[in-house]
Amino acid sequence: MKNKVKRWTSVALASSAAAALVVGCGQTSNTGSGANGSASTSPSSTTMVNVAGVRIAKPTHLVNYKNASGTIVWAESFTTGPTASELVSAFEKKFPKIKVKLQVQPSNTDTNRADLTASISGGSPTPDVYMGDVIWPAQFAHNQLAAPLSDYLPTSFWTRFSNGLVAGATYDGKVYAAPLFADTAFLYYRKDLLAKYHLPVPKTWQQLQQEASYIVKHGGAKYGFVWQGADYEGLTCDFDEYLADAGGSVLTNGKATLDTPAAKQALSFMRGLITSGVTPQSVDTFQEPQSENVFTQGNAVFLRNWSYAWSDSQNPQSSKVVGKVGVAPLPTFAGHGSSGYSTVGGWDLYLNPHTKNLAAALQFIDWMTSPQAQEILAANSEMPTIKAVADSPSLAKYSPVFALLPKVKFVSRPSQTPNYPAVSKAIYDNVNAALAGSVSVAQALKDANQQIQQALSGSGSGGL
Amino acid sequence: MSKVMEGRPAFQTGGRRVSVVRHDARAGVGMLTPAGVVILAVTIFPIVYSVWMSFNNIQLTENGFQFTFNGIQNYVDVYSAPLFWHSVWFTVYYSIVTVAIELFLGLLIALAIQNVEKLKSVSVVVMLIPWSLITVISAEMWSYIYNGVYGVLNAILQGLGLIHSPINWTGEPVTAVIALMAADIWKTTPFVVIILLSGLQMIPKDYYEAARIDGANGWQTFWNVTFPQLRGSIAIAGLFRILQAFGIFDLPFVLTQGGPGSTTTSLAMLGEETLFTNLHFGLGAAVAVSTVILILGACLIFLSAFRGMVGEEAQ
């Protein structure tokens, strides 16, 4: 009996091993669905055109989607709230021949990415259109998880977007995402405290530090300035802002340039906020919720956060500072202009390369970036991405945050490389270590530079 | 089936009897087949496929995965990355420390509950609460306890006068590891207690009688009667815990996100990051296979150290 069990077990293992090898070897010669409606990402040597300051390749398979019909699946990450269903109802009313099915995605961006990677890399034709983070285009394009929209849409399509947004969605001369709504950072301040101590809204970082220090010393608030310093993607966003304010950048001509005086000024200032007591040491464990909590509970004078913090701070159920909050563009370093840079955040629409409803999907993307849809987004406190709505003076009625939009200077994260997650990790790991005081500012920047170079070269151990 | 075999010499064949035996055996195998197929598909096949993946360079193309065989290159890349060895070191000493403390604490608690007269079932239920809470939720709760600005732990320690300024628990390398271990021990000690409790209840009462008659005091009773009988349960609890601890993922993922830096990045977290954040499938598979080899090695070491004791348990 025992021998029989042994024999059967070894047969089972051997057969499954054989099966695995057959399937694995079979992958190389696997042909995908090359049906008429599906997208193709074959490289082409077409000419490049300059569209709104970005060089993109001319479309190779222009699609006429005027009479598109069918059902498409839209993977959305709004999770809660009526925004997604409002958009779908409005769309279906305008285009009765197309039906849109909603697929709700996890709200955590990394979990969302894992879910999409699993289904699309497996060749699934749905979701046809999905929402993705603004930092995904290069990685997704490189791994064939998104189709090049610029191949199917006329070049005039890309002129509708606000400055700087299309560049972030471009990889290798093609555009892989349509900006859906933007998000950017602002300075939130306690206007009651500034009034009480007769201080103006700070225009430079040095001024902010002095004012915060003054107010804390006189007992106006427990902490001066809170922001996001935890060891995660959000820290890259914060750091990029100080870096751009100081006149530096993460990459220059494709090489890492963090060992510059500008980077040193930026990081030293961040560390200085902690050592001078203006910012609590625990800021190196703060993500958005923790920093926002400190501010909405009335314990900080200044907060750096994204646009949604405005509505959170005015919510009487969770905020103790309703009516006491003002919002302004972020400050910059003295001698570097009149206002500071804010990191571009937000979500884009991507096209599944295996979709079977290309025309309907393109019509959906076109409508979602049209004034009608963008007004619906604005009414739900999401920043529009098209100039027609973003630059309109009537936008201010939705939120004071929107009124500041024309004044905001955008800086993009260096997401043009498919190894962006490793590049970002090199930044936030080392910046966080410097904020914690474990390494000196100079050493942290040196290490970050080296790790970014490794990540860019895509070598095995560098991109582990 | 046993009715047929009982007392009959092995070589006696009566045509009908043998075919009944073989028929039963075939029927048994037939009934096991659906379950066997499921196990093959869900367990064995993915494992073998993952091992195969670790020997390939994997690219995502428009036609799905493209495998290019590259021998042990993935393993060379993984083993030459300092981050991998840091993960291994962290996972190993994290597992050893937490398992050792849990076994010790678990033993104390099990002995205490064993001797409780009234409210024994209530004690067991209350003691099981940490184990029953979903890890992700309790980890989130711990992150609020450990918060450096408004966390309860700092408030208590400062109120008692033990510290003067708030400690940045999850922001410093040393305290982050301690915080993580404390949260893990809080959660999984009940598991050890349950296993040890059942082991304690299997010790015959007459052993204690005999010890009392011989005039043994509390400590002597424990060391000479209880502990030897309990070694098997301790070995089993330790084995389970080592298996779990080496694969720890959800707790550091929620509580420290593997930080600060990569201080608390366990092997499982490293694998997930390589696979799903960096989309390096071949390297991720190599990390996963290396983790399995490490866990198997750890279990073998543990088992050989306790070999005799586990055997006693089976009697």
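Bear in mind the structure is a predicted one, so any value in this text is a computation, not a measurement. (Residues numbered from 1 in each chain as written. Chains lettered and ligands numbered in written order. Predicted model: local features only at pLDDT ≥ 70, side-chain atom pairs only at ≥ 80, totals over all residues.)

Quick notes on the overall build of chain B
Turning to step 1, where the next piece is worked out: If you tally the helices and strands in chain B, you get 14 helices and 2 strands.
Turning to step 2, where the next piece is worked out: Against the compact-globule benchmark of 20 Å for 315 residues, chain B has a radius of gyration of 26 Å, which places it well outside the compact range.
Turning to step 3, where the next piece is worked out: Looking at chain B residue by residue over its 315 residues, the buried ones come to 32%.
Turning to step 4, where the next piece is worked out: Taking the contacts inside chain B whose residues are at least 6 apart along the sequence as the reference set, 66% of them involve residues at least 24 apart. (Helix = DSSP H or I, 4+ residues; strand = E, 2+ residues; numbered from the N terminus. Rg over C-alpha atoms; globule rule 2.2 N^0.38 Å. Buried ≥ 20, exposed ≤ 12 C-beta atoms within 10 Å, placed from the backbone. Contact = placed C-beta atoms within 7 Å.)

Points about the overall build of chain A
Turning to step 1, where the next piece is worked out: Along its length, chain A carries 17 helices and 18 strands.
Turning to step 2, where the next piece is worked out: Relative to all contacts within chain A whose residues are 6 or more apart in sequence, the contacts with residues 24 or more apart total 75%.

Quick notes on the UniProt feature "transmembrane region" (unreviewed entry) in chain B
All names here are of chain B.
Turning to step 1, where the next piece is worked out: Following the UniProt record, the feature "transmembrane region" (unreviewed entry) maps to residues 32-52, 92-113, 125-145, 174-197 and 275-303 here.
Turning to step 2, where the next piece is worked out: Helix makes up 100% of residues 174-197 and strand 0%. Its end C-alpha atoms lie 34 Å apart.
Turning to step 3, where the next piece is worked out: Between the first and last C-alpha atoms of residues 275-303 the distance is 32 Å; the span itself is 90% helix and 0% strand. (UniProt positions renumbered as here; feature names shortened; annotations may be inferred.)

Remarks on the environment of L196(B)
All names here are of chain B.
Turning to step 1, where the next piece is worked out: Examined against the element boundaries, L196 turns out to sit in helix α8 (residues 173-201).
Turning to step 2, where the next piece is worked out: Among the residues examined, L196 registers 24 C-beta atoms within 10 Å and is labelled buried.
Turning to step 3, where the next piece is worked out: When the C-alpha atoms of L196 and R231 are compared, they prove to be 9.4 Å apart, with 35 residues separating the residues in sequence.
Turning to step 4, where the next piece is worked out: With near-sequence residues (within four places) excluded, L196 lies in contact with G106, L107, A110, L230, S233, I234 and A237.

A closer look at the domain arrangement of chain A
All names here are of chain A.
Turning to step 1, where the next piece is worked out: The domain boundaries assigned to chain A delineate domain 1 (57-183 + 344-411) and domain 2 (186-342 + 419-457).
Turning to step 2, where the next piece is worked out: Distance from the C-alpha centre of domain 1 to the C-alpha centre of domain 2: 29 Å.
Turning to step 3, where the next piece is worked out: Counting from both sides, the interface comprises 16 residues of domain 1 and, opposite them, 16 residues of domain 2.
Turning to step 4, where the next piece is worked out: For the side of domain 1 that touches domain 2, the elements supplying multiple residues, two or more each, are α4 (137-142), α15 (400-403) and β18 (409-411).
Turning to step 5, where the next piece is worked out: By residue class, the composition of the side of domain 1 that touches domain 2 is 9 nonpolar, 4 polar and 3 charged. (Domains from an automatic or database assignment. Nonpolar A, V, L, I, M, F, W, Y, C, P; charged D, E, K, R; others polar.)

Some thoughts on the sheet that holds strand β8 (residues 178-183) of chain A
All names here are of chain A.
Turning to step 1, where the next piece is worked out: Taken in spatial order, the 6 strands of this open sheet run β4-β3-β5-β16-β8-β17, and their pairing is mixed. Since the sheet does not close on itself, it has two edges, and those belong to β4 (98-104) and β17 (383-384), each with one partner.
Turning to step 2, where the next piece is worked out: Two strands pair when backbone bridges link them, and strand β5 (residues 129-133) and strand β16 (residues 345-351) are joined in this way by 5 bridges, in the antiparallel orientation. The partner of V129 across the bridge, within β16, is L351.
Turning to step 3, where the next piece is worked out: Across the sheet, helix α2 (residues 83-94) lies against β3 (70-76) and β4, angled at about 170° from β4, the strand it touches most. (Pairing = 2+ DSSP bridges. Axes fitted to C-alpha atoms, helices over the stretch in contact; angles between N-to-C directions.)

A few points about the pairing of strand β1 (residues 56-61) of chain B
All names here are of chain B.
Turning to step 1, where the next piece is worked out: Bridge analysis of β1 against strand β2 (residues 64-69) gives 6 bridges, and the strand direction is antiparallel. Residue pairing in the sheet places I58 in a bridge with F67 of β2.
Turning to step 2, where the next piece is worked out: The hairpin turn running from β1 into β2, its antiparallel successor, is 2 residues long.

Focus: the UniProt feature "domain: ABC transmembrane type-1" (unreviewed entry) in chain B
Turning to step 1, where the next piece is worked out: As annotated in UniProt, the feature "domain: ABC transmembrane type-1" (unreviewed entry) corresponds to residues 88-304 of chain B in the numbering used here.
Turning to step 2, where the next piece is worked out: The straight-line gap between the two end C-alpha atoms of residues 88-304 of chain B is 22 Å; of that span, 77% is helix and 0% is strand.

Here's the deal with helix α9 (residues 261-275) of chain A
Residue and element names in this part refer to chain A.
Turning to step 1, where the next piece is worked out: Compared with the 21 Å implied by 1.5 Å per residue over 15 residues, the 20 Å span of α9 between its first and last C-alpha is a close match.
Turning to step 2, where the next piece is worked out: Listed as buried for α9 are A263, Q265, A266, L267, M270, R271 and L273.
Turning to step 3, where the next piece is worked out: Residues of α9 that are buried sit in contact with α7 (205-217), β10 (223-226), α8 (233-245), α16 (420-436) and α17 (441-457). (Expected span 1.5 Å × (residues − 1).)

Focus on the nonpolar core
Turning to step 1, where the next piece is worked out: With 137 residues, the main nonpolar core has Y176(A), F225(A), V226(A) and F364(A) as its most contacted residues.
Turning to step 2, where the next piece is worked out: Per element, the largest residue contribution to this core is 11 residues, and it comes from α16(A).
Turning to step 3, where the next piece is worked out: Counting residues domain by domain, this core receives three or more from each of domain 1 (57-183 + 344-411) and domain 2 (186-342 + 419-457) of chain A.
Turning to step 4, where the next piece is worked out: Contacts of Y176(A), omitting those with residues within four sequence positions, involve P137(A), F140(A), A141(A), A146(A), P148(A), L149(A), A169(A), Y171(A) and Y350(A).
Turning to step 5, where the next piece is worked out: Membership of the second largest hydrophobic core comes to 37 residues, among which are F90(B), A179(B), F246(B) and L251(B). (Core = buried A, V, L, I, M, F, W, Y, C linked by C-beta atoms within 7 Å.)

Topic: the packing of α9(A) against α17(A)
Residue and element names in this part refer to chain A.
Turning to step 1, where the next piece is worked out: Interaxial distance between α9 and α17 falls to 10 Å at its minimum, and their mutual angle equals 125°. The angle between the axes of α9 and α17 places the two elements in the oblique class. The two elements α9 and α17 cross, and the hand of that crossing is right-handed. Here α9 contributes A263, K264, L267, S268 and R271 to the contact with α17, which in turn contributes V441, A442, A444 and L445.
Turning to step 2, where the next piece is worked out: Grouping the amino acids of the contact of α9 with α17 by side-chain chemistry returns 6 nonpolar, 1 polar and 2 charged. (Parallel < 35°, antiparallel > 145°, perpendicular 65-115°, else oblique. Left-handed = near helix turned anticlockwise from the far one by under 90°.)

Comments concerning the confidence of the model for chain A
Turning to step 1, where the next piece is worked out: The share of residues in chain A with pLDDT of 70 or more is 88%, and the mean pLDDT across the chain is 87.
Turning to step 2, where the next piece is worked out: Across residues 24-44 of chain A, confidence stays below pLDDT 50; counting only partners more than four residues off in sequence or on other chains, it has 38 contacts. (pLDDT = per-residue confidence, 0-100.)

Quick look at the environment of G173(A)
Residue and element names in this part refer to chain A.
Turning to step 1, where the next piece is worked out: As for its placement among the helices and strands, G173 is situated in the loop between β6 (170-171) and β7 (174-175).
Turning to step 2, where the next piece is worked out: Between the C-alpha atoms of G173 and V54, which are 119 residues apart in sequence, the distance is 8.7 Å.
Turning to step 3, where the next piece is worked out: Ignoring sequence-local partners within four residues, the contact set of G173 consists of M48, R55, I56 and A57.

A look at the sheet that holds β10(A)
All names here are of chain A.
Turning to step 1, where the next piece is worked out: Taken in spatial order, the 4 strands of this open sheet run β10-β13-β9-β14, and their pairing is mixed. Pairing within the sheet leaves two strands with one partner each, and these edge strands are β10 and β14 (325-328). Strand-to-strand twist in this sheet, taken as the mean axis angle between neighbours without regard to direction, amounts to 20°.
Turning to step 2, where the next piece is worked out: Here 5 bridges tie strand β9 (residues 185-190) to strand β13 (residues 300-306), and the two strands are oriented antiparallel to one another.

Notes on the packing of helix α12 (residues 267-277) of chain B against helix α13 (residues 281-305) of chain B
Residue and element names in this part refer to chain B.
Turning to step 1, where the next piece is worked out: The contact between α12 and α13 brings their axes to 8 Å, and the two run at 165°. Here α12 is positioned roughly antiparallel relative to α13, judged by the angle of their axes. Our pair here, α12 against α13, has a crossing hand that is left-handed. Of the residues in α13, those touching α12 at L267, A268, L270, G271, T274 and L275 are F281, L283, G284, V287, A288 and T291.
Turning to step 2, where the next piece is worked out: Partitioning the contact of α12 with α13 into residue classes produces 8 nonpolar, 4 polar and no charged.

Considering unusual backbone geometry
Turning to step 1, where the next piece is worked out: The peptide bond linking T126(A) to P127(A) adopts the cis configuration, its omega dihedral lying at 0°.
Turning to step 2, where the next piece is worked out: Structurally, P127(A) is set in the loop between α3 (109-121) and β5.
Turning to step 3, where the next piece is worked out: The phi torsion at L119(B) lies on the positive side, around 60°, for a residue other than glycine.
Turning to step 4, where the next piece is worked out: Mapped onto the secondary structure, L119(B) falls in the loop between α4 (82-114) and α5 (120-132).
Turning to step 5, where the next piece is worked out: With 11 C-beta atoms packed within 10 Å, L119(B) lands in the exposed category.
Turning to step 6, where the next piece is worked out: Even without a glycine there, the phi angle at L279(B) is positive, about 55°.
Turning to step 7, where the next piece is worked out: Along the polypeptide, L279(B) turns up in the loop between α12 and α13.
Turning to step 8, where the next piece is worked out: You can call L279(B) buried: it has 25 C-beta atoms within 10 Å.

A word on the confidence of the model for chain B
The predicted structure's coordinates, where accompanied by low pLDDT, should not be read in detail.
Turning to step 1, where the next piece is worked out: Mean pLDDT over chain B: 87, with 92% of residues reaching 70 or higher.
Turning to step 2, where the next piece is worked out: Both scores are available for the predicted complex, with the pTM at 0.79 and the ipTM at 0.73.

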